[in-house]
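Observations on the three-dimensional arrangement
So you can see what is in the structure, the chains are spelled out below.
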Amino acid sequence: MARRPGAGGKDLRRPRLGLALGGGGVRGAVHIGVLQALHEHGLEPECIAGTSVGSLVGGLYAFGQSPTAIRKLAASMHWRDIRSYTLSKFGLLSNHEIATIVRAQVGEVRIEDAPIPLAFLATDISTGEAVVLREGSLAEAVMASTCMPGYYIPATIAGRLLVDGGLVVNVPVSPLFDMGADVTVAVELNAVRKYARPRSLFDVLSNAFGIAMDTNTRIEVDRADVVIGPDLSKYEHADGEDVWELYAEGYRHGILAIKRIRAALEAKSPRAFGALEQKLRRWRRS
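Here the structure is a predicted model, which is why all the values come from computation and not from measurement.

Next up on the list: the overall build of the chain. Scanning the chain from N- to C-terminus turns up nine helices and ten strands. In the chain, which comprises 286 residues, the proportion classed as buried is 52%. By sequence separation, contacts in the chain at least 24 residues apart represent 75% of the contacts at least 6 residues apart. Here the chain has roughly 13600 Å² of accessible surface; of this, 54% comes from carbon and sulfur atoms.

Next up, the structure:
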């Protein structure tokens, strides 16, 4: 981003807005509504970090897909069918279909070429390390970040076996600081944690996964300037029938967050720092 030199050569660059999109299955339609609300109010994110479904939505948006186009895609997807059975000792299913969907929407693109800088979170299942993906195939990175362990076979990138980043960082605020964000907004899909009685293997794994990631999520979310965390406890992680309602929840809560985001940006603006500097000078003279 261009910087505008001010009097005395001071940096008058406006604050950079970073957006962290968390994991949560089909509840990720909330992210689309939030993006629509931000877009309508001129608050375009200047860097995006995503985990799991957050990487899918964030990746498509960063490569030019509008919230409307992503919403239509989400509504047309059969979420329980984004999988194929495979013979592997590491899992029952493959999620290569996610990569196919990404390629169909934006082509074979690389993360580092995104008009909006991107970072995706995955977990190295061999070491337990959080892996931040900022280069390489967008489709493969999304596939790795959405790869629920025990359900899908791990994705292999640069020789590492990678699974869903939610195991270690479900709402990836920290990578935004490395991308130069001054103000960070976190969208947490599991802010209200209620676990329903499982009705399938997917539900068992989903509940176990959610319980395991709660502590790390709280640590990350607390670092954000603004948190958007609607109560989505009545929505299932894999029920594609709720996409429109979830989108509406995201849009509504995005609108409600606009004032807080603008206030955070104003607090980090050069004018705010200038006013503080003047107050300090007056205090020193008194």
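After that view, the rundown keeps rolling.
Here the focus is the pairing of strand S9 (residues 183-187). For S9, a buried count of five out of five residues is recorded, marking the element as mostly surrounded by other parts of the structure. Here S9 shows a buried face lined by Val183, Val185 and Val187 and a second buried face lined by Thr184 and Ala186. The sheet contact formed by strand S1 (residues 17-21) and S9 spans five bridges and is parallel. Bridging from a neighbouring strand, Leu17 pairs with Val183 of S9. For S9 and strand S10 (residues 226-228), the ladder comprises three bridges, and the chain directions are parallel. In the strand pairing of S10, Val185 is matched with Val226.

Mapped onto the secondary structure, Gly58 falls in helix H2 (residues 53-62). Accessibility expressed as a relative area gives 1% for Gly58, which makes it buried. The spacing of Gly58 and Leu21 is 37 residues in sequence and 7.1 Å in space, taken between C-alpha atoms. Every residue in contact with Gly58, bar those within four places of it in the chain, is listed here: Leu21, Ile48 and Leu118.

Once that is clear, we can look at helix H3 (residues 67-76). What H3 keeps buried is the set Pro67, Ile70, Arg71, Leu73 and Ala74. Within H3, the buried residues cover an arc of 160 degrees as seen down the axis, which keeps them to one side.

Looking at the chain, pLDDT values average 85 and 81% of them are 70 or higher. Across residues 1-11, where pLDDT falls below 50, the model places 14 contacts with residues more than four positions away in sequence or in other chains.

Of note in the backbone geometry, Ser52 takes a positive phi value of approximately 55 degrees without being a glycine. Tracing the chain through its elements places Ser52 in the loop between strand S2 (47-51) and H2. Overall, Ser52 belongs to the buried group, its relative accessible area being 8%. For Ala158, which is not glycine, the phi dihedral falls at a positive 50 degrees. As for its position among the elements, Ala158 is in the loop between strand S7 (155-157) and strand S8 (160-164).

Locating Asp164 in the fold gives a position in strand S8. For the buried residue Asp164, which engages in no salt bridge, the nearest side chain bearing the opposite charge is Arg27, 13 Å off. Looking at Asp164, its side chain comes within polar contact range of the side chain of Ser52, at 2.9 Å.

Okay, the packing of aromatic side chains next. Applying the stated criterion across every chain, the model contains zero aromatic pairs. The ring of Tyr247 has Arg71 sitting right over it, with the charged end atom 5.0 Å from the ring centre.

Relative to the helices and strands, Asn190 is located in the loop between S9 and helix H7 (201-221). A relative accessible area of 8% places Asn190 in the buried class. Within polar-contact distance, the side chain of Asn190 engages the backbone oxygen of Gly23 at 3.4 Å. At 2.9 Å, the side chain of Asn190 forms a polar contact with the side chain of Arg27.

Procedures and definitions
- Residues numbered from 1 in each chain as written.
- Predicted model: local features only at pLDDT ≥ 70, side-chain atom pairs only at ≥ 80, totals over all residues.
- Heavy atoms only, no water.
- Helix = DSSP H or I, 4+ residues; strand = E, 2+ residues; numbered from the N terminus.
- Buried < 20%, exposed > 50% of the residue type's maximum accessible area, 1.4 Å probe, protein only.
- Contact = heavy atoms within 4.5 Å.
- Areas by Shrake-Rupley, 256 points an atom, 1.4 Å probe, with all protein chains shown as cover.
- Pairing = 2+ DSSP bridges.
- Arc of directions from axis to C-beta.
- pLDDT = per-residue confidence, 0-100.
- Lys, Arg positive; Asp, Glu negative; His and termini not counted.
- Salt bridge = Lys/Arg side-chain N within 4 Å of Asp/Glu carboxyl O.
- Polar contact = N/O pair within 3.5 Å; in protein donor to acceptor, adjacent residues only side chain to side chain.
- Phe/Tyr/Trp six-rings, centres within 6.5 Å; stacked < 30°, edge-to-face > 60°.
- Lys NZ or Arg CZ within 6 Å of the ring centre and 35° of its normal.

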